[in-house]
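Listed below, chain by chain, are the residues.
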Amino acid sequence: MKILTLILLFFTFINAKSIEASYKVSFGIFGQIGIAKASLHVSHDGNYTINMHAKSTGLSSFLSGQRQEWYKSSGKLDTMGFLRPDTYSKVVQKNVNTSENASNSFRLKKDTKNYTLDHKHKKVMVSQQKKLDEKIIATSNETLEYYAQNDLLSLFFNFKDLLYDTQKPLVLHAVGANKKDGKIEITPISDTKALQEEFGWSEGVYLKVTLNDKIFASEKGELLINLNDAGIAQNAVLKDVLFFGDIRGDLIK
């Protein structure tokens, strides 16, 4: 459900403020397969917290073991007004069948990753924990091979100010993106008429976001995004996933 994480909104800071947004995610002939809710709160002292909860719905929920994902980014506003994360976390929870013979042997699997961003020394540490029915079955600690100023959540809330020129490609890095180097490539799309007709999207700034990570049948994880005048991601699509069409995300609130 990585697309659920990527379909976020842009934040403009005016003192303390809270923003919430909800998206629905659909997949070709299967219709809606999930929902995602994101919220951002910035306090008067410049500290911020972003939370996101994504869960599968309908048939997708049944097939994925009622999969849910939680993401959290915490940090401060820097002197330029950008969100700068100190910590980032991802929790994935689902039911798994631990026996090939028993139909009632489902157990709760929970994987947690906690990232700490050390901006002074330009490094990122990550600790991982795996649980099965609340019992810890594995742990690990390591330092990532790359450093990034953003995580996935802070990046997309910082997105509009980072994208100062919508006519030129842009390369960014974010903790929580691809495992190798966190690189994300942003390419503006000037010819939007065909996309508007194909997806029924309205006017906006059209971008191709390349995650450089395999997502289903998409080798590089190429995501098409439509931003409105306020810089909010109102539509997104991951094209030609498997044999059943596109995964789409649409702003509903």
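In this text the structure is predicted, and so the values were computed from the model without any measurement. (Residues numbered from 1 in each chain as written. Predicted model: local features only at pLDDT ≥ 70, side-chain atom pairs only at ≥ 80, totals over all residues. Heavy atoms only, no water.)

A. Region of the structure containing the pairing of strand S3 (residues 47-56). Side chains Tyr48, Ile50, Met52, Ala54 and Ser56 of S3 all project onto a buried face; the interleaved residues Asn47, Thr49, Asn51, His53 and Lys55 project onto a face where none is buried. Of the strand pairs in this sheet, S3 and strand S4 (residues 68-77) are connected by nine bridges, and their pairing is antiparallel. Residue pairing across strands places Tyr48 opposite Gly75, the latter belonging to S4. (Buried < 20%, exposed > 50% of the residue type's maximum accessible area, 1.4 Å probe, protein only. Helix = DSSP H or I, 4+ residues; strand = E, 2+ residues; numbered from the N terminus. Pairing = 2+ DSSP bridges.)

B. Spatial organisation of the environment of Ala174. Among the structural elements, Ala174 can be located in strand S10 (residues 170-175). Along the backbone, Ala174 and Tyr146 are 28 residues apart, and their C-alpha atoms lie at a distance of 9.6 Å. Among all residues touching Ala174, those that are not within four sequence positions of it are Tyr146, Ala148, Asn150, Asp151, Leu152, Leu155, Gly182 and Ile184. (Contact = heavy atoms within 4.5 Å.)

C. Layout of unusual backbone geometry. You will see that Asp133, though not glycine, has its phi angle at about 55°, which is positive. Position of Asp133 among the secondary structure elements: in the loop between strand S7 (123-132) and strand S8 (135-143). Phi at Glu134 is positive, roughly 70°, even though this residue is not glycine. Here Glu134 lies in the loop between S7 and S8.

D. Quick peek at the pattern of salt bridges. As enumerated under the stated definition, the model contains seven salt bridges in all. Salt-bridge contacts for Arg107 lead to Asp133; the nearest nitrogen and oxygen are separated by 2.9 Å. Placement of the pair is Arg107 in strand S6 (residues 106-118) and Asp133 in the loop between S7 and S8, with a sequence separation of 26 residues. Note on Arg107: relative accessible area 32%, which makes it partly exposed. Note that Lys130 is salt-bridged to Asp111, the shortest N-O span being 3.6 Å. Placement of Lys130 in strand S7 and of Asp111 in strand S6 is noted, with a sequence separation of 19 residues between them. The partly exposed category is assigned to Lys130, whose relative accessible area is 35%. Accessibility expressed as a relative area gives 21% for Asp111, which makes it partly exposed. (Salt bridge = Lys/Arg side-chain N within 4 Å of Asp/Glu carboxyl O.)

E. Quick peek at the nonpolar core. Core analysis: the biggest nonpolar cluster contains 44 residues, and Tyr88, Val175, Ile184, Ile186 and Ile225 have the highest contact counts within it. Broken down by element, the residue count for this core peaks at five residues, all from helix H3 (residues 152-157). Not counting residues within four places of it along the chain, the set of residues in contact with Ile225 comprises Phe156, Trp201, Val205, Tyr206, Leu207, Val209, Ala233, Asn235 and Ala236. In terms of nonpolar packing, the next biggest core, distinct from the first, is built from six residues, Leu195, Phe199, Trp201 and Leu224 among them. (Core = buried A, V, L, I, M, F, W, Y, C linked by side-chain atoms within 4.5 Å.)

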